[in-house]
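# Secondary and tertiary structure notes
Given next are the chains, with one letter for each unit.
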Amino acid sequence: MPSSTRRSFVSDRELLRRYHEQGDRHARDELIERHLPLVRALARRYVGRGEALDDIEQVGAIGLIKAIDRYELSRNVALATYATPNVLGEIKRHFRDKGWAIRIPRGLQELNAKLSPTIERLTRDLGHSPSIPEIAADLDTTPEQVLEALEAGSAYSPVSLSVGSTSDGEIDPMDTLGAEDEEYERSEQRATLAPALAALASREREILRMRFEEGLTQTQIAQEIGVSQMHVSRLIRKSLAGMRTRLS
Amino acid sequence: MVADRIELVAPLGAPWEPVVRLVLGGIAGRMNFGFEELDDLQLAVERLLLEAGSQDTIRLVFDVTDRAIRTHVGPLRETAIADALQGPEPSPGDLTLRRILETVVDSFGLELSDSGELVVRLEKVVRR
């Protein structure tokens, strides 16, 4: 390839330097994109445990982003090496927190894993959010089974939203909430969530803003940020629950 | 016109929320609500249950017409809910209970039961 058309390769280390020393967000984005195949490879190890692959990848991507953000330039270690335990830790913690808090029959877990991709596909094919009977027909099961599987999928342990730092040194996403907003004394406005909103991690805050200010649907948000619609639904609930926990 | 009514009295607390969601899902499924519409309605009810305070039980009444589910949640002893729903418009950037309900249901309001207790009404319309 002629040198004039060859895209110059910038090393991970240089991108990390640009990000950490100059605040170059494009460098950060490039690092994320460059290492997403690593996340996908690691996520595939956890297929078959009741979670859709794209959801596991999304969780793993959070670990990758944390690794990039926490990387110290003084470390003499490749980013991929540093990121791998972070990604695996994030995925493992996700499964541990989700943990099927109540015993879910294997059939329901498997059905739950099929729901997210099925809803995505039906939304595209039908041009609208599919109804429960439509989902059931597509999966050759009953609406009641679909509802049970949905409920099984939402069986996040509520405790996981407020447990704080975990024993393996990882930080719960909800712990990334900023500490600058201390207006909790406004607790007489129990239904007002604004102070805690300001303290949310930027990703969660952006999702809530798109949903409740711009009025975008979950499907539109999912397309915007590149996750599944069910994942958007979970993030909205998780964010609202986290905000409420802080207010309480 | 109210075609059917389903009533549920449930203990208030996280362990029983899945039961409420399942009942809502069963109703919405029979009305051909899209998954997102169902999720919205479930979110609205979940938020109200969370804000209901320390009472022991909650009564949910689902009035089902051919085009909407009208849900009554009450009695709610936490009067802050009334303030939150009847207060001024939320400022831009504020995420209040009122804003959440405005987003996820077609209409909502406060009503008094025959015994003078506070009840919140939520209405979600079928789009198809």
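Structure: above.
Think of each chain on its own: its residues are numbered from 1, step by step along the sequence as written. Each chain is given a letter, starting from A, and each ligand a number, starting from 1, according to the order in which they appear as written. Per-residue local features of the predicted model are confined to residues with pLDDT of at least 70, and side-chain atom pairs are confined, for both listing and counting, to 80 or more; whole-chain, interface and lining totals are unaffected and use all residues. Water and hydrogen atoms were dropped before computing side-chain values, which therefore reflect all heavy atoms in the structure.

## Here we look at the overall build of chain A
Applicable threshold: Secondary structure is summarised from DSSP: a helix means a run of H or I of at least four residues, a strand means a run of E of at least two, and numbering begins at the N terminus for each. Accessibility here uses a 1.4 Å probe with only protein chains present; expressed as a share of the type maximum, an area under 20% marks a residue as buried, one over 50% as exposed, and anything in between as partly exposed. Whether two residues are in contact is decided by their heavy atoms, any of which lying within 4.5 Å being enough.
A count of helical and extended segments in chain A gives 11 helices and zero strands. Taken from the N to the C terminus, the helices and strands of chain A come in the order α-α-α-α-α-α-α-α-α-α-α. Taken over 248 residues, chain A has a buried fraction of 50%. Considering only contacts in chain A between residues 6 or more positions apart, those separated by 24 or more positions represent 64%.

## Here we look at the sheet that holds strand β1 (residues 4-11) of chain B
Residue and element names in this part refer to chain B. Heads up, the condition is: Pairing between strands requires that DSSP locate at least two bridges from one strand to the other. Only the stretch in contact is used when fitting a helix axis, every axis being a line fitted to C-alpha atoms; angles between N-to-C directions are given from 0 to 180 degrees.
The five strands are arranged β1-β2-β3-β5-β4 in an open sheet whose pairing can be described as antiparallel. Looking at the sheet topology across the chains shown, the edges are occupied by β1 and β4 (107-112). With direction set aside, neighbouring strand axes in the sheet form an average angle of 20 degrees. Those strands touched by helix α1 (residues 17-30) are β1, β2 (57-64) and β3 (68-74), and its axis lies near 5 degrees from that of β2. In this fold helix α2 (residues 35-51) packs onto β2, β3 and β5 (118-125), with an angle of close to 170 degrees to the strand it touches most, β5.

## Brief notes about the packing of aromatic side chains
Applied cut-off: For this analysis, a ring pair means two rings from Phe, Tyr or Trp (six-membered ring only for Trp) whose centres lie within 6.5 Å, classed as stacked if their planes differ by under 30 degrees, edge-to-face if by over 60, and tilted for the remaining angles. The criterion for a charge sitting over a ring is simple: Lys NZ or Arg CZ within 6 Å of the ring centre, and within 35 degrees of the ring normal.
Inspection of the entire model under this criterion finds one aromatic pair over all chains. Residue placement shows A:R211 over the ring face of A:F212; its charged tip is 6.0 Å from the ring centre.

## Quick word on the interface of chain B and chain A
Applicable threshold: By buried area we mean the combined loss of accessible area, with a 1.4 Å probe, across both parts when two parts are placed together. For this document, the term salt bridge refers to a Lys or Arg side-chain nitrogen within 4 Å of an Asp or Glu carboxyl oxygen. Two N or O atoms form a polar contact when they lie within 3.5 Å of each other; inside protein one atom must be a possible hydrogen donor and the other a possible acceptor, and for residues adjacent in sequence the pair counts only when both atoms belong to side chains. Put simply, Ala, Val, Leu, Ile, Met, Phe, Trp, Tyr, Cys and Pro go in the nonpolar bin, Asp, Glu, Lys and Arg in the charged bin, and everything else, Gly too, in the polar bin.
Contacts between chain B and chain A engage 35 residues on the former and 38 residues on the latter. A combined buried area of about 3,000 Å² lies between chain B and chain A, and 55% of that area is made up of carbon and sulfur atoms. The three residues of chain B that bury the most area against chain A are B:F35, B:E36 and B:L95, which together make up 26% of that side's buried surface. The tally of links from chain B across to chain A stands at five salt bridges. Between B:R30 and A:E144 there is a salt bridge, with the nearest N and O atoms lying 3.0 Å from each other. For the interface between chain B and chain A, the tally reads 13 residue pairs in polar contact (both at pLDDT 80 or more). Breaking the side of chain B that touches chain A down by element, the ones donating at least two residues are α1, α2, α3 (80-86) and α4 (97-104) of chain B. Looking at the side of chain B that touches chain A residue by residue, the class counts come to 14 nonpolar, nine polar and 12 charged.

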